[in-house]
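# Coordinate inspection notes
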Amino acid sequence: MEEDALIAAAQAYIREVFQNDYSGHDYFHSLRVFKTAERIAQQEAADRTVVQLAALLHDVDDRKLSPQTHAHKDRATAFLRAQGVCVRRIEAICTIIGEVSYSGTDSVVPETIEGKCVQDADRLDAIGAIGIARAFAYGGSHGRAIHDPEIKPRLQMSGEQYQRHISSSVNHFYEKLFNLAERMNTRSARQIAEHREQFMREYLREFLDEWEGLL
Ligand code: ADP
Ligand code: NI
């Protein structure tokens with residue numbers, strides 16, 4: 001089927017784009033977002049192809065990874081044009097890619113159900129067991145401490161403050177990760193998020209008890 005070939009091409013494309021990424025944005029992150037977004041979209045009346053493509057391509061024009069293409073989503077657009085995807089869908093996908101990212105109190109709620117599914121899936125991948133691994137991998141790759149009791153978490157940051165803020169990976173749980181469950185757009189994602197958040201809270205309790213020498 002034509003659609004299957006398009007999805008396979010998008011998977012091959014992101015595999016190439018993210019091949020040397022060890023900052024928590026690897027190929028498998030985008031692949032998990034794709035699978036989770038599909039799972040969430042099954043419960044919603046969503047355009048499946050738009051969800052699949054937006055999920056696979058959501059990080060190719062990321063502000064941190066590809067600052068020069070970020071504003072106009074040049075990489076996603078070039079890929080989709082080359083695949084012969086219609087302009088209407090390209091626009092829908094690029095809008096979603098622009099809405100997905102977490103930027104503190106400046107985060108947006110996507111307009112469409114397709115965008116809501118992709119945003120939920122991306123945020124789900126930042127929490128739970130995998131989210132914990134990604135937070136420490138990201139922190140390490142950006143020269144951040146695992147934990148530093150002297151640096152207090154800063155809550156309620158704007159997008160700009162959030163991007164500039166230097167903190168520890170443990171603080172990231174309070175500054176972002178524990179905010180995500182309540183901000184899920186769809187019911188099925190919120191359910192998954194609550195389970196993952198509980199697990200993270202338990203993990204952090206153990207972590208801090210070990211830190212204090214209580215365990
Ligand atoms: P995405 O757009 O895929 O959500 P982000 O760039 O916001 O990705 O973050 C990538 C991963 O790194 C996520 O799991 C996120 O929680 C984690 N991360 C982002 N910022 C930090 C930070 N300051 N400290 C630790 N982990 C972080
Ligand atoms: Ni992502």
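Residues numbered from 1 in each chain as written. Chains lettered and ligands numbered in written order. Predicted model: local features only at pLDDT ≥ 70, side-chain atom pairs only at ≥ 80, totals over all residues. Heavy atoms only, no water.

Before going further, it helps to spend a moment on the overall build of the chain. Secondary structure summary: the chain contains eleven helices and zero strands in total. Helices (α) and strands (β) of the chain occur, in sequence order from the N terminus, as α-α-α-α-α-α-α-α-α-α-α. Expected size for 215 residues packed as a compact globule is a radius of gyration near 17 Å; at 18 Å, the chain falls within 12% of this value. C-alpha extents for the chain along the principal axes are approximately 60 × 35 × 30 Å. For the chain, buried positions account for 47% of its 215 residues. (Helix = DSSP H or I, 4+ residues; strand = E, 2+ residues; numbered from the N terminus. Rg over C-alpha atoms; globule rule 2.2 N^0.38 Å. Buried < 20%, exposed > 50% of the residue type's maximum accessible area, 1.4 Å probe, protein only.)

Quick look at the coordination of the nickel ion (ligand 2) now. On the protein side, the nickel ion (ligand 2) has H29 (NE2), H58 (NE2), D59 (OD) and D122 (OD) as donor atoms, found 2.1 to 2.5 Å from it. For the nickel ion (ligand 2), the donor residues sit on a single chain with the sequence spacing H-x28-H-D-x62-D. Residue H58 shares its accessibility class with D59, and that shared class is buried. (Donors = N, O, S within 2.8 Å, 3.2 Å for Na, K, Ca; no water.)

Turning next to the site of ligand 1. Around ligand 1, the surrounding shell holds 14 residues, and the nearest of these are H25, H29, K64, R144 and H172. Here an oxygen atom of ligand 1 and a side-chain polar atom of H25 are 3.1 Å apart. Of all the cavities here, the one that holds ligand 1 is the largest pocket. Residue composition of the shell around ligand 1, by class: five nonpolar, three polar and six charged. (Near = heavy atom within 4 Å. Polar contact = N/O pair within 3.5 Å; in protein donor to acceptor, adjacent residues only side chain to side chain. 1 Å grid on protein atoms, 1.4 Å probe; cavity = no way out; pocket = protein on both sides within 12 Å on 5 of 7 lines; lining within 4 Å. Sits in = over half its atoms within 2 Å of the grid points. Nonpolar A, V, L, I, M, F, W, Y, C, P; charged D, E, K, R; others polar.)

Taken as a whole, this structure holds six salt bridges when the rule is applied. The partner of D47 in a salt bridge is R89, and the shortest N-O contact between them spans 3.3 Å. You can see D47 sitting in the loop between α2 (27-41) and α3 (48-57) and its partner R89 sitting in helix α6 (residues 87-100), a full 42 residues away along the chain. For D125, the salt bridge is made with R134, and the minimal N-O distance between the two is 3.6 Å. Residue D125 is classed as buried on the basis of its relative accessible area of 4%. Its relative accessible area of 15% is what places R134 among the buried residues. Three or more residues joined by partner-sharing salt bridges are found here, namely R32, D125 and R134. (Salt bridge = Lys/Arg side-chain N within 4 Å of Asp/Glu carboxyl O.)

Across its 25 residues, helix α11 (residues 187-211) extends 36 Å between first and last C-alpha, which sits within 8% of the 36 Å expected from 1.5 Å per residue. The inward-facing, buried residues of α11 contact α2, α7 (113-124), α8 (128-141) and α10 (169-175). One or two residues past the end of α11 sits G213, with phi positive at roughly 75°. (Expected span 1.5 Å × (residues − 1). Contact = heavy atoms within 4.5 Å.)

Scanning the entire structure with this criterion turns up nine aromatic pairs. With a centroid separation of 6.3 Å and an interplanar angle of 50°, the aromatic rings of Y203 and F207 are classed as tilted. Taken as a pair, Y203 and F207 lie in helix α11 at a separation of four residues, close to a single helical turn. Cation over ring: R201 sits above F178, and NZ or CZ is 3.9 Å from the ring centre. (Phe/Tyr/Trp six-rings, centres within 6.5 Å; stacked < 30°, edge-to-face > 60°. Lys NZ or Arg CZ within 6 Å of the ring centre and 35° of its normal.)

Purely geometric stuff here, so don't read any function into it on its own.
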